[in-house]
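Residue-level structure breakdown
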Amino acid sequence: MECENISIIVSEPDVVIRTSNGLKIPAFSGALVSASPVFEEIVERRRRKGRLDKAVPILGVPSDAVLAFVGFLCSPRSESLDQNEVMDKYGMHLMVLSHVYRVKWLKDLCEVELALRLTVDSVVDVLQLARQCDVPKLYLQCMKLLNKEFAAVEKTEGWVFLQNNDPWFELEILKFLEEEDLIQKRRKRKMEEQQVYLQLSEAMECLQHICTEGCTDVGPNEAEEAPNKQKSLSCPNYTTCHVLQNLIKHLASCRANRSACSQCRRIWNLLRLHSSVCQFTDDCRVPLCKQFKMKMNMEGKGENGKWRLLAKKVVSVKVMSSLAKKRKHDLLYKL
Ligand SMILES: [Zn+2]
Ligand SMILES: [Zn+2]
Ligand SMILES: [Zn+2]
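Residues numbered from 1 in each chain as written. Chains lettered and ligands numbered in written order. Predicted model: local features only at pLDDT ≥ 70, side-chain atom pairs only at ≥ 80, totals over all residues. Heavy atoms only, no water.

**Remarks on the overall build of the chain**
Put simply, the test is: For helices the rule is a DSSP run of H or I covering at least 4 residues; for strands it is a run of E covering at least 2, with both sets numbered from the N terminus onward. The cut-offs for exposure are 20% and 50% of the maximum accessible area for each residue type, with area from a 1.4 Å probe on protein chains only; residues under the lower value are buried, those over the upper are exposed, and the others partly exposed. What makes two residues a contact is simply this: any of their non-hydrogen atoms within 4.5 Å. All accessible areas in this document rest on Shrake-Rupley with a 1.4 Å probe, and a residue is counted as covered only by the protein chains that are shown.
Helix and strand counts for the chain come out as 17 helices and 3 strands. The 335 residues of the chain split such that 42% are buried. Across the chain, every contact between residues at least 6 apart in sequence was considered, and the portion connecting residues at least 24 apart equals 62%. Accessible area for the chain stands at about 19600 Å²; split by element, carbon and sulfur atoms hold 53% of it.

**Examining the packing of aromatic side chains**
As a reminder, the rule being used: The pairing test for Phe, Tyr and Trp rings, Trp by its six-membered ring, is centres within 6.5 Å, and the orientation test on the planes gives stacked under 30 degrees, edge-to-face over 60, and tilted for anything in between.
Scanning all chains against the criterion turns up 6 aromatic pairs. Where Phe72 meets Trp105, the ring centres are 6.3 Å apart and the plane angle is 65°; that geometry is what we call edge-to-face. Of this pair, Phe72 sits in helix H4 (residues 63-74) while Trp105 is found in helix H6 (residues 104-116), placing the two residues 33 residues apart along the sequence. Aromatic side chains Phe150 and Trp159 sit 5.3 Å apart centroid to centroid with 85° between the ring planes, which places their arrangement in the edge-to-face category. An aromatic cluster of three or more residues is present, and its members are Phe39, Phe69 and Tyr101.

**A closer look at the coordination of the zinc ion (ligand 2)**
Our working rule: A donor here means any N, O or S atom no more than 2.8 Å from the metal (3.2 Å for Na, K and Ca); water is not included, so a site may seem to lack partners. For a four-donor site, all angles between 85 and 135 degrees give tetrahedral; for four or six donors, opposite pairs above 155 degrees with the remaining angles between 65 and 115 give square planar or octahedral; all remaining cases count as irregular.
Bound to the zinc ion (ligand 2) are the protein donor atoms His250 (NE2), Cys254 (SG), Cys261 (SG) and Cys264 (SG), situated 2.0 to 2.4 Å from the metal. Coordination at the zinc ion (ligand 2) is tetrahedral: its 4 donor atoms span angles of 97 to 122° at the metal. Mapping the donors of the zinc ion (ligand 2) onto the primary sequence yields the spacing H-x3-C-x6-C-x2-C. With respect to class, His250 is no different from Cys254; both count as buried.

**Concerning the coordination of the zinc ion (ligand 3)**
Those donors, His274 (NE2), Cys278 (SG), Cys284 (SG) and Cys289 (SG), are the protein atoms that reach the zinc ion (ligand 3), and they lie 2.0 to 2.4 Å from it. Bound by 4 donor atoms, the zinc ion (ligand 3) shows angles of 103 to 113° at the metal and therefore tetrahedral coordination geometry. Coordination of the zinc ion (ligand 3) draws on donor residues from a single chain, spaced H-x3-C-x5-C-x4-C in sequence. With a gap of 10 residues between them, His274 in helix H14 (residues 262-277) and Cys284 in the loop between H14 and helix H15 (289-298) connect regions that are remote in the sequence. Relative accessible area serves as the criterion here: at 17%, Cys284 is assigned to the buried category.

**With respect to the packing of H6 against helix H8 (residues 136-148)**
Selection criterion: The convention used is that axes are lines fitted to C-alpha atoms, helices contributing only their stretch in contact, and that angles between N-to-C directions extend from 0 to 180 degrees. For this classification, under 35 degrees means roughly parallel, over 145 means roughly antiparallel, 65 to 115 means roughly perpendicular, and everything else is oblique.
In contact at an axis separation of 10 Å, H6 and H8 are set at 5° when each is read in the N-to-C sense. Judged on the interaxial angle alone, H8 and H6 are roughly parallel. Listed contacts from H8 to Glu111, Leu114 and Ala115 of H6 are Lys137, Leu138 and Gln141.

**Regarding H4**
Rules: Under the convention used throughout, the expected extent of a helix is 1.5 Å for every residue step, that is, one less than its residue count.
End to end, H4 covers 16 Å across 12 residues, agreeing with the expected 16 Å (1.5 Å per residue, within 8%). Here H4 lies mainly inside the structure; 11 of its 12 residues are buried. Listing the buried residues of H4 in full gives Ser63, Ala65, Val66, Leu67, Ala68, Phe69, Val70, Gly71, Phe72, Leu73 and Cys74.

**Considering the packing of helix H7 (residues 123-132) against helix H11 (residues 167-212)**
The test is simple: Under the convention adopted here, Pro, Cys and the residues Ala, Val, Leu, Ile, Met, Phe, Trp and Tyr are nonpolar, Asp, Glu, Lys and Arg are charged, and Gly plus all remaining residues are polar.
Interhelical geometry of H7 versus H11 gives an angle of 100° and a closest axis separation of 12 Å. Judged by the inter-axis angle, H7 sits roughly perpendicular to H11. Here H7 contributes Leu127, Gln128 and Arg131 to the contact with H11, which in turn contributes Phe169, Glu172 and Ile173. Classifying every residue of the contact of H7 with H11 by side-chain character gives 3 nonpolar, 1 polar and 2 charged.

**Remarks on the nonpolar core**
In a soluble, globular protein the nonpolar side chains are often hidden away together inside. Note the following rule: The nonpolar core is taken to be a set of buried Ala, Val, Leu, Ile, Met, Phe, Trp, Tyr and Cys residues, with the residues joined through side-chain atoms within 4.5 Å.
Membership of the largest hydrophobic core comes to 57 residues, with the highest contact counts inside it found for Ile17, Phe39 and Phe69. No other element matches H4, which puts 9 residues into this core. For Phe39, the contacting residues outside a window of four places in its chain are Ile17, Leu32, Val33, Val56, Ile58, Phe69, Leu73 and Tyr101. With 30 residues, the next largest nonpolar core counts Met204, Leu247, Val286 and Phe292 among its residues.

Purely geometric stuff here, so don't read any function into it on its own.
Structural data, given as structure tokens:
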């Protein structure tokens, strides 16, 4: 884009912009004023003093960036403005200018364009820019990329420069990365926990199903009496069911001390959890349910509270997962 283009587009330039290297860009004050409240003030002040002919300086950025800036304000739809090329070269300068001259639409455009162009090499510079120009969304995008690619970013000139010149900002970034890491870890732990509750909830469902409807070779007496009845039709999860059935059979036949036998302990805990979520009063068919309920009534709040809390979590996870049900049985080996 050349300076001449501007003068062609703006038919009657009545103001001149002066850049750092002395380039004079003719512009139309009406367009500048309507685009920017800062220009409005400048032009108004000059008009009052009768000095509209005095060039308005825009310094500290390359002349071509100023040229592009004026081009955007005076003729944003001009074909002479290759937006992509301009953003590639001067996106960051345009962000500064649109921030300083308060041209919101151009600042928004720069935000989008800079985000699209974020790379490991540019991220530190864009991050500093986003911070200076108060663009929180872009700032966060930079931080996320920094977090993801920190090993590579650490080697860039931008990072080394920042370390040498702005240790406070470096600290701010490192603190953010540390917090982000903690959040990720917490999220992962939470998901793992949810998974365990989900598996427990499935086990509870299976237990109920085995003891009321019967499934393959474990079930209530009525089912055994009526061998033609198709037992496994409503099996909620065959794998879990199978493991549970084996555990139930084991509990009935194991002669070892319960606290010494891991399988007994596993099914014992599941049966106890069942009694904490069980809504039936007298007619529950799940083994030991009634006994556990009586025990819970007699027990102090401490032990009882733990089971109730676990039961509450299991029930709430079951509600949440009722739409997206997942099948896992690993838990049976963990409990
Ligand atoms: Zn089953
Ligand atoms: Zn056992
Ligand atoms: Zn029960």
